[in-house]
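An overview of the molecular structure
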Amino acid sequence: METCEVLIVGGGPAGSSCAGRLRQAGVDVLLLDKQAFPRQKPCAGWITPAVLTILALDAGEYRKNRVLQDISSFRTGLIDGKTVVTSYGTTVSYGIRRSEFDLYLLQRSGVRRSLGETVTILERSGNGWIVNGQIRTRMLVGAGGHFCPVARYLGASIGRENVVAAQVAEFPLTPEEARRCSIPTDMPALFFSRDMKGYGWLFRKGSYLNIGLGRMDVCNLARHTVEYCSFLTRRGYLAADITGRFQGHAYRVFQKQDRRRSVADGALLIGDAAGVARSFSGEGILPAIESGFMAADTILAANGDYRSEQLDAYEAGLNDHFGGGSADAAPSPVSPDIMKFLGARLLSSSLFTRHVLLDRWFLNTNHETLSHSVSSMIGSPPAPLTPRK
Ligand SMILES: Cc1cc2nc3c(=O)[nH]c(=O)nc-3n(C[C@H](O)[C@H](O)[C@H](O)COP(=O)(O)OP(=O)(O)OC[C@H]3O[C@@H](n4cnc5c(N)ncnc54)[C@H](O)[C@@H]3O)c2cc1C
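Residues numbered from 1 in each chain as written. Predicted model: local features only at pLDDT ≥ 70, side-chain atom pairs only at ≥ 80, totals over all residues. Heavy atoms only, no water.

1. Description of the sheet that holds strand β4 (residues 68-71)
One open sheet accounts for 3 strands, arranged β3-β7-β4; its pairing is antiparallel. In the strand order of this sheet, the two ends are held by β3 (46-47) and β4, each with one partner. (Pairing = 2+ DSSP bridges. Helix = DSSP H or I, 4+ residues; strand = E, 2+ residues; numbered from the N terminus.)

Take a look at the structure:
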């Protein structure tokens, strides 16, 4: 039987960050992902500068043969309403393609991995686990996204939780299509629903176009997406013949109440499996990386004793970092009708748009970087992705 000290289920940003940190500390880690990489992940691919900082990612080197789209302005407003353009005159964010970004992070982690291997069976055995009947591990990290099997094992009632439901399409534009697309590459557009339950985006990244819509209620998502696309074509943001195939996905944003249990004897959840995305913007890549590092540090501090009482500090750390007194994690004291009324007025204000909507909620400019994470994560050179024999 194959063995490892820590087995990580999922090779997205959460799993590869956790794995890289543990491997650097000399831990015997194995990472499994059900997909071969590069793989598609439904996502807008917007990252804030804090992502580059926490990963010590060299923008110049990264963009040599991958998309790293500079963003310096935004068009925002209500669907079918007036829009506001906010220009910063400098790069304030970036666009990446998840197929490239996740492959890069996984290669950079240098971790032993098996891709195309779905985790289906988890059994507790003594102080550890047997995974898929063939791998013995002492510690299990659930990084398998919203539907992570480790989260399910720990009791997540997947399918009955409050989620953000989203649909997205990303596809290349021909040079002719790019000429006809009225959204500049450095200016993503965000359009909010009138009921304030979600927003759509239109985002160009190099020669790719990304269109999507996310909502806090899962009802009629496909209909909302169709209506959103027809709004984009009606307003001339999108030519009617430019269409992609939409993919759906769901995930949870951080809430102090009604959280998934993310710590158990010999197990931790990270990233979307733990539900750590930011509640207003839905940003999940940075929280996934941060929770991956926090979990790795917790595992290292446990020093081989993986009873839940040794790991509980991780749950407290999540609450502190993602929910610590921030307006983000607090339930809104304002009724939905007042939200609708206020939303429409506030979104037409350029001051509110710049200082609250963009700076505070979407660009997260007052973000406190995890103190430990910067310098030590300069990764090792990418290793080839080979399937495990
Ligand atoms: C439509 C949409 C748009 C979004 N846009 C943005 C954005 O612009 N910016 C942003 O910051 N966030 C965005 N997010 C959120 C972001 O995509 C997630 O928060 C982020 O991907 C979480 O990373 P993760 O590593 O936890 O999970 P994932 O990236 O989902 O990775 C999980 C991995 O686990 C693997 N896996 C799953 N089950 C198993 C199994 N049983 N066995 C083995 N492997 C398994 C999967 O193949 C996958 O590779 C968006 C989300 C959606 C749905």
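Additional details are given in the paragraphs that follow.
2. Section: the nonpolar core
Counting 55 residues, the largest nonpolar core has Val-6, Leu-7, Ile-8, Leu-22, Val-131 and Leu-140 as its most contacted members. Looking at this core element by element, the count peaks at 6 residues for helix α8 (residues 285-302). Not counting residues up to four positions away in its chain, the partners in contact with Leu-7 are Leu-30, Leu-32, Val-131, Ile-135, Thr-137, Met-139, Leu-140 and Val-141. By size, the runner-up hydrophobic cluster in this structure holds 22 residues, among which are Phe-191, Phe-231, Tyr-237 and Leu-238. (Core = buried A, V, L, I, M, F, W, Y, C linked by side-chain atoms within 4.5 Å. Buried < 20%, exposed > 50% of the residue type's maximum accessible area, 1.4 Å probe, protein only. Contact = heavy atoms within 4.5 Å.)

3. Brief notes about the packing of aromatic side chains
The full count for this structure, using the stated rule, is 19 aromatic pairs. Between Phe-191 and Phe-231 the ring centres are 5.0 Å apart and the planes differ by 80°, which places this aromatic pair in the edge-to-face class. Of the two residues, Phe-191 sits in strand β13 (residues 189-192) while Phe-231 sits in helix α7 (residues 221-234), which places them 40 residues apart along the sequence. The exposure class assigned to Phe-191 is buried, which follows from its relative accessible area of 0%. Taking 5.2 Å as the distance between ring centres and 35° as the angle between the ring planes, the aromatic pair formed by Phe-191 and Tyr-237 counts as tilted. You can see Phe-191 sitting in strand β13 and its partner Tyr-237 sitting in the loop between α7 and β16 (247-251), a full 46 residues away along the chain. Tyr-237 shares its class with Phe-191; the two are buried. (Phe/Tyr/Trp six-rings, centres within 6.5 Å; stacked < 30°, edge-to-face > 60°.)

4. A closer look at the site of the ligand
In the region of the ligand, 38 residues are neighbours, and Asp-33, Arg-39, Trp-46, Val-119 and Asp-272 sit closest. Between an oxygen atom of the ligand and a side-chain N or O atom of Lys-41, the distance comes to 3.4 Å. Contact with the protein chains removes 94% of the 1,000 Å² of surface that the ligand exposes when unbound. Listed by contribution, the elements that provide at least two residues to the shell around the ligand are α1 (13-24), β2 (29-33), β12 (164-172), β16 and α8. Residues lining the shell around the ligand come from more than one domain, with at least three contributed by each of domain 1 (2-45 + 97-161 + 253-329) and domain 2 (71-93 + 163-250 + 332-367). (Near = heavy atom within 4 Å. Polar contact = N/O pair within 3.5 Å; in protein donor to acceptor, adjacent residues only side chain to side chain. Areas by Shrake-Rupley, 256 points an atom, 1.4 Å probe, with all protein chains shown as cover. Domains from an automatic or database assignment.)

5. A short note on the packing of α1 against α8
At a minimum axis distance of 7 Å, the contact between α1 and α8 shows a crossing angle of 35°. Remark: the crossing between α1 and α8 carries right-handed chirality. Contact residues: α1 offers Pro-13, Ala-14, Ser-17, Cys-18, Arg-21 and Leu-22, while α8 offers Ile-285, Ala-288, Ile-289, Gly-292, Phe-293, Ala-295, Ala-296, Asp-297, Ile-299 and Leu-300. Split by residue class, the contact of α1 with α8 holds 12 nonpolar, 2 polar and 2 charged. (Axes fitted to C-alpha atoms, helices over the stretch in contact; angles between N-to-C directions. Left-handed = near helix turned anticlockwise from the far one by under 90°. Nonpolar A, V, L, I, M, F, W, Y, C, P; charged D, E, K, R; others polar.)

6. Regarding α8
For α8, with 18 residues, the first-to-last C-alpha span of 26 Å sits near the 26 Å given by 1.5 Å per residue. The buried fraction of α8 is high, at 15 of 18 residues. Asn-303 sits one or two positions beyond α8 and adopts a positive phi of about 55°. (Expected span 1.5 Å × (residues − 1).)

7. Some points on the environment of Gly-81
Tracing the sequence through the fold places Gly-81 in the loop between β5 (73-78) and β6 (83-87). Separated by 266 residues in sequence, Gly-81 and Leu-347 have C-alpha atoms that sit 9.4 Å apart. In this structure, Gly-81 is in contact with Arg-194 and Arg-235, ignoring residues within four places of it in sequence.

8. Quick word on the pattern of salt bridges
One pass over the full model with this rule turns up 21 salt bridges. Across the salt bridge formed by Glu-2 and Arg-112, the nearest N and O atoms sit 2.7 Å from each other. Of this pair, Glu-2 sits in strand β1 (residues 2-9) while Arg-112 is found in strand β8 (residues 112-115), placing the two residues 110 residues apart along the sequence. The class of Glu-2 is partly exposed, set by a relative accessible area of 22%. Of the residues examined, Arg-112 reaches a relative accessible area of 32% and is grouped as partly exposed. (Salt bridge = Lys/Arg side-chain N within 4 Å of Asp/Glu carboxyl O.)

9. Here we look at the pairing of β5
Along β5, 5 of the 6 residues are buried, which leaves the element largely enclosed by surrounding structure. Judged from the 5 bridges that link them, β5 and β6 form a sheet pairing that is antiparallel. Looking at the pairing, Gly-77 lines up with Thr-83 of β6. The antiparallel pairing of β5 with β6 creates a hairpin that spans 4 residues between the two strands, and Asp-80 there sits at a positive phi of about 70°. With 4 bridges connecting them, β5 and β13 associate as parallel partners. Note that in β13 the partner of Leu-78 across the bridge is Phe-192.

10. Concerning the pairing of strand β9 (residues 122-125)
Both β9 and strand β10 (residues 128-131) contribute to a ladder of 4 bridges, which runs antiparallel. Bridge assignment links Leu-122 to a residue of β10, and that residue is Val-131. Joining the antiparallel neighbours β9 and β10 is a turn of 2 residues, in which Gly-126 adopts a positive phi near 60°.

11. Structural notes on unusual backbone geometry
Residues apart from glycine generally show negative phi values, whereas peptide bonds are mostly found in trans. In this structure, Pro-38 follows Phe-37 across a cis peptide bond, with omega equal to 0°. As for its placement among the helices and strands, Pro-38 is situated in the loop between β2 and β3. Here the phi dihedral of Asp-258 falls at roughly 55°; this positive angle occurs in a residue that is not glycine. One can find Asp-258 in the loop between β16 and β17 (263-264). In this structure Asp-258 comes out as exposed when scored by relative accessible area, which is 52%.

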